Amino acid sequence: MPRAISEEEANKILARPESHFWDDKSAKSKGGTIQKIGCAFANADGGEFAVGIEDRKAKSGLDRWQGFASEEDGNFIHQSLVKDVDPGVPYAIDWLEIEPDQVPRRLV
């Protein structure tokens, strides 16, 4: 079940600069991209990434928060972090949803 966050919290996430410990990717990203990021963080000092945030060059503000219509739409993220990866990538997923929002936009 998604955790509801305020627009202020969402804007803080959107404002985070990409770094050695943080990355964000479009919901349109393929499994290979997710696997590459997960493995890179696992082989370094760790890190976090969000899937469902559009590139700063394409959109701005809360319009960058695109996410998934349902958690099932993001299942490929789970699969990407365990399939063909040995040892598996340790990970945890938080589904976030901006409240109030007329259309659910879940972010991993």
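Because the structure is predicted, anything quoted here is derived from the model rather than measured. (Residues numbered from 1 in each chain as written. Predicted model: local features only at pLDDT ≥ 70, side-chain atom pairs only at ≥ 80, totals over all residues. Heavy atoms only, no water.)

Chemist: With reference to specific residues and values, describe the environment of A4.
Modeler: Note on placement: A4 falls in strand 1 (residues 3-5). Residues A4 and A40 lie 36 residues apart in sequence; the distance between their C-alpha atoms is 29 Å. Setting aside its immediate chain neighbours within four residues, A4 contacts E97 and E99. (Helix = DSSP H or I, 4+ residues; strand = E, 2+ residues; numbered from the N terminus. Contact = heavy atoms within 4.5 Å.)

Chemist: Describe the pairing of strand 2 (residues 22-25), and please don't skip the residues or the numbers.
Modeler: Bridge analysis of strand 2 against strand 3 (residues 48-51) gives four bridges, and the strand direction is parallel. Its bridge partner lying in strand 3, D24 is registered against A50. Remark: the strand 2/helix 2 (residues 31-42)/strand 3 crossover connection has right-handed handedness. (Pairing = 2+ DSSP bridges. Right-handed = clockwise from strand over helix to strand, strands pointing away.)

Chemist: Lay out the packing of helix 2 against helix 3 (residues 75-82) with the relevant residues and their values.
Modeler: Axis separation between helix 2 and helix 3 bottoms out at 8 Å; the angle between their running directions is 55°. Taken together, helix 2 and helix 3 sit at an angle that is classed as oblique. Here helix 2 and helix 3 pass one another in a crossing that is right-handed. Contact residues: helix 2 offers G31, I34, Q35 and G38, while helix 3 offers F76, I77, S80 and L81. Residue composition of the contact of helix 2 with helix 3, grouped by class: four nonpolar, four polar and no charged. (Axes fitted to C-alpha atoms, helices over the stretch in contact; angles between N-to-C directions. Parallel < 35°, antiparallel > 145°, perpendicular 65-115°, else oblique. Left-handed = near helix turned anticlockwise from the far one by under 90°. Nonpolar A, V, L, I, M, F, W, Y, C, P; charged D, E, K, R; others polar.)

Chemist: Describe the packing of aromatic side chains, and please don't skip the residues or the numbers.
Modeler: Per the counting criterion, the structure on display carries three aromatic pairs. Between F68 and F76, the ring centres sit 6.1 Å apart and the planes meet at 70°, which makes this aromatic pair edge-to-face. The burial state of F68 is the same as that of F76; both residues are buried. Geometrically, the ring pair formed by F68 and W95 is edge-to-face, given 6.1 Å between the ring centres and 75° between the ring planes. One end of the pair, F68, is in the loop between strand 3 and helix 3; the other, W95, is in the loop between helix 3 and strand 4 (96-98), and 27 residues separate them in sequence. The exposure classification of F68 matches that of W95, with both residues buried. Among the aromatic side chains, those forming a connected cluster through ring pairs are F68, F76 and W95. A cation sits over an aromatic face here: R16 above W22, 3.9 Å from the ring centre. (Phe/Tyr/Trp six-rings, centres within 6.5 Å; stacked < 30°, edge-to-face > 60°. Buried < 20%, exposed > 50% of the residue type's maximum accessible area, 1.4 Å probe, protein only. Lys NZ or Arg CZ within 6 Å of the ring centre and 35° of its normal.)

Chemist: Tell me about helix 1 (residues 7-15), residues and numbers included.
Modeler: All of the buried residues along helix 1 are A10, I13 and L14. Within helix 1, the buried residues cover an arc of 100° as seen down the axis, which keeps them to one side. Exposed and oriented more than 90 degrees from the buried face of helix 1 are E8, K12 and A15. On its buried face, helix 1 is in contact with strand 1, strand 2 and strand 4. (Arc of directions from axis to C-beta.)

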